[in-house]
Amino acid sequence: MAEAIPSLTPAPRARVQAMKEYHPPLGNRDALRLDFNENTVSCSPKVREVLGRISAGSLTRYPERQPVEAVVAAHLGLEPAQVALTNGVDEAIHVLFETFLEEGDELLLPVPTYTMYEVYASSTGARVVTVLAGDDLRFPFKRLLAAITPHTKIIAIANPNSPSGSTASRSQLLEIAERAPHAVLMVDEAYFHFHGETVIDLVGKVPNLIVARTFSKAYGLAGLRLGLLAARVELMHWVKRVLSPYSVNSLALACLPPALEDTAYLDWYVGEVLAARVEFEAALDEAGIRRWLSHANFVLVEIGAQHKEFTRLMSAAGVLVRDRSSDPGCDGRVRITIGTREQMRQAVVALHEVLTVLNKNGGSR
Ligand SMILES: Cc1ncc(COP(=O)(O)O)c(C=O)c1O
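Everything numeric in this text was worked out from a predicted model, so none of it was measured. (Residues numbered from 1 in each chain as written. Predicted model: local features only at pLDDT ≥ 70, side-chain atom pairs only at ≥ 80, totals over all residues. Heavy atoms only, no water.)

### Focus on the packing of helix α2 (residues 45-53) against helix α10 (residues 250-261)
Link 1 in the chain: Axis separation between α2 and α10 bottoms out at 8 Å; the angle between their running directions is 150°. It follows that α2 is roughly antiparallel to α10 by the angle criterion. Where α2 crosses over α10, the two elements pack in a sense that is right-handed. Contacts between α2 and α10 involve K46, V47, V50 and L51 from the first element and A254, C255, P258 and A259 from the second. (Axes fitted to C-alpha atoms, helices over the stretch in contact; angles between N-to-C directions. Helix = DSSP H or I, 4+ residues; strand = E, 2+ residues; numbered from the N terminus. Parallel < 35°, antiparallel > 145°, perpendicular 65-115°, else oblique. Left-handed = near helix turned anticlockwise from the far one by under 90°. Contact = heavy atoms within 4.5 Å.)

### Some words on the pattern of salt bridges
Link 1 in the chain: All chains considered together, the criterion is met by 20 salt bridges.
Link 2 in the chain: Across the salt bridge formed by E279 and R345, the nearest N and O atoms sit 2.8 Å from each other. Here R345 lies in helix α13 (residues 341-361) and E279 lies in helix α11 (residues 263-286), a separation of 66 residues in the sequence.
Link 3 in the chain: You can call R345 partly exposed: its relative accessible area is 47%.
Link 4 in the chain: Residue D327 is joined to R324 by a salt bridge in which the shortest nitrogen-to-oxygen separation is 3.0 Å. For the pair shown, D327 and R324 are each scored as buried.
Link 5 in the chain: What you see here is one network of salt bridges that share partners, running through D135, R290, E302 and R333. (Salt bridge = Lys/Arg side-chain N within 4 Å of Asp/Glu carboxyl O. Buried < 20%, exposed > 50% of the residue type's maximum accessible area, 1.4 Å probe, protein only.)

### Overview of the site of the ligand
Link 1 in the chain: Taken together, the neighbourhood of the ligand is formed by G88, V89, D90, Y114, A158, D188, A190, Y191, T214, S216, K217 and R225.
Link 2 in the chain: V89 has a polar backbone atom sitting 2.7 Å from an oxygen atom of the ligand.
Link 3 in the chain: For the ligand, whose free accessible area comes to 400 Å², the fraction covered by protein is 92%.
Link 4 in the chain: Given that more than half its atoms are within 2 Å of the pocket grid, the ligand belongs to the largest pocket.
Link 5 in the chain: The leading source of residues in the shell around the ligand is helix α4 (residues 88-100), at 3 residues.
Link 6 in the chain: Grouping the amino acids of the shell around the ligand by side-chain chemistry returns 5 nonpolar, 3 polar and 4 charged. (Near = heavy atom within 4 Å. Polar contact = N/O pair within 3.5 Å; in protein donor to acceptor, adjacent residues only side chain to side chain. Areas by Shrake-Rupley, 256 points an atom, 1.4 Å probe, with all protein chains shown as cover. 1 Å grid on protein atoms, 1.4 Å probe; cavity = no way out; pocket = protein on both sides within 12 Å on 5 of 7 lines; lining within 4 Å. Sits in = over half its atoms within 2 Å of the grid points. Nonpolar A, V, L, I, M, F, W, Y, C, P; charged D, E, K, R; others polar.)

### Topic: the environment of L320
Link 1 in the chain: Position of L320 among the secondary structure elements: in strand β10 (residues 319-320).
Link 2 in the chain: When sequence neighbours within four positions are dropped, the list of residues in contact with L320 reads R29, A31, L32, R33, L34, D35 and S315.

### Remarks on empty space enclosed by the protein
Link 1 in the chain: Under the defined criterion, the tally for this structure stands at 2 cavities of 30 Å³ or more.
Link 2 in the chain: The computed volume of the largest cavity comes to approximately 90 Å³.
Link 3 in the chain: In terms of lining residues, the largest cavity is bounded by 15 residues, among which P110, F139, P140, N161 and S166 are the most central.
Link 4 in the chain: Those elements that place two or more of their residues in the lining of the largest cavity are β3 (106-111) and β5 (152-158).
Link 5 in the chain: Broken down by class, the residue content of the lining of the largest cavity amounts to 10 nonpolar, 4 polar and 1 charged.
Link 6 in the chain: Considered as a void within the structure, the second largest cavity measures approximately 40 Å³ in volume.
Link 7 in the chain: Considering the residues around the second largest cavity, the lining is formed by L173, L174, A177, L185, V187, V199, L202, V206 and L209.
Link 8 in the chain: Secondary-structure elements contributing two or more residues to the lining of the second largest cavity are α7 (170-179) and β6 (184-188).
Link 9 in the chain: Sort the elements by how many residues they give to the lining of the second largest cavity and α7 lands first, with 3 residues.
Link 10 in the chain: When grouped by side-chain class, the residues that make up the lining of the second largest cavity number 9 nonpolar, no polar and no charged. (Points joined across faces, edges and corners; volume = space filled by probe spheres on them.)

### Details of the side chain of S166
Link 1 in the chain: Secondary-structure assignment places S166 in the loop between β5 and α7.
Link 2 in the chain: Residue class for S166 comes out buried when judged on its relative accessible area of 11%.
Link 3 in the chain: A polar side-chain atom of S166 sits 3.3 Å from the main-chain carbonyl oxygen of L137.
Link 4 in the chain: A polar contact of 3.0 Å, which involves the side chain of S166, links it to the side chain of S164.
Link 5 in the chain: Once residues lying within four places of it in the same chain are set aside, the contact partners of S166 are L137, R138, F139, N159, P160, N161 and L293.

Put into structure tokens, the structure is as follows:
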């Protein structure tokens with residue numbers, strides 16, 4: 001008879017055991033998806049053409065990122081050595097934190113902000129120092145400056161920020177970089193296209209600046225997982241030591257140049273979203289729903305005590321939205337992605353139906 005195998009499970013590192021769990025929905029999202037700030041239509045038709053031409057034979061080779069990094073660098077007005085492509089911005093954040101953060105360091109974050117900053121920091125041993133925005137959820141510039149210490153190692157700022165949609169100005173970012181020369185300032189421009197303001201032109205000029213960009217939002221390539229980091233060569237050198245040479249797959253690499261080239265598609269999509277946001281905001285105002293000023297492809301709204309029921313009923317009505325109540329300072333608030341005007345009109349119909357049900361059930365929204 002075979003001997004019983006002892007049921008000892010190897011324990012992960014203590015820091016991993018202490019990590020915050022993050023479980024976004026990873027399936028059953030067959031509805032109008034206004035919960036992840038994705039492009040709600042498609043990527044460029046030029047990207048689809050390239051995808052259709054990829055041969056099975058080309059999949060036998062390891063991906064070759066350098067030529068595509070050169071194309072992206074030229075597009076951004078940078079040197080190839082200043083750019084690294086990553087498996088989405090999530091990998092960029094992970095690698096950046098693994099490169100710079102260790103025990104005794106501080107990661108400084110204005111909150112609420114993108115959840116994954118804290119998740120990736122938690123395995124590094126660095127302390128996460130948060131600066132809570134006020135009720136208007138504007139960028140807490142002065143208080144963030146005051147929170148810089150000699151231990152601050154990375155300051156991560158999503159610009160525009162999620163879930164608030166608020167922004168930091170170029171002069172504010174410059175002042176932060178100057179006041180923390182011993183720290184890396186990461187400006188995450190995931191939603192740049194909907195805002196139009198960038199600091200990517202300062203890469204190489206501001207020594208401690210790192211800019212992150214994604215192809216998951218305006219470009220409509222979230223499924224391919226494509227992001228990038230841009231910084232002066234001396235910083236990128238260290239990041240590239242940690243980054244896997246093959247984390248960006250060859251399908252993603254093939255799709256990047258046509259995505260960049262098709263500016264007409266990008267302009268159309270961004271224009272459509274901005275027009276839809278104006279219409280949707282007017283509908284929210286008419287319905288008496290408080291909202292925060294957004295510079296991105298989503299709007300944060302105040303639902304109040306019934307936020308869970310609201311999210312559930314919207315989903316039952318075929319529209320997925322994201323309850324952000326567990327974010328700092330966001331109790332009762334829900335984030336709604338902006339798609340096309342047609343999609344947002346559908347969302348408004350669902351919103352009215354749901355509000356009617358909630359009002360009938362009584363109580364404060
Ligand atoms: C501010 C911010 N940064 C990064 C990401 C993730 O981007 P990616 O899909 O490139 O990993 C998101 C996604 O929602 C985001 O909101």
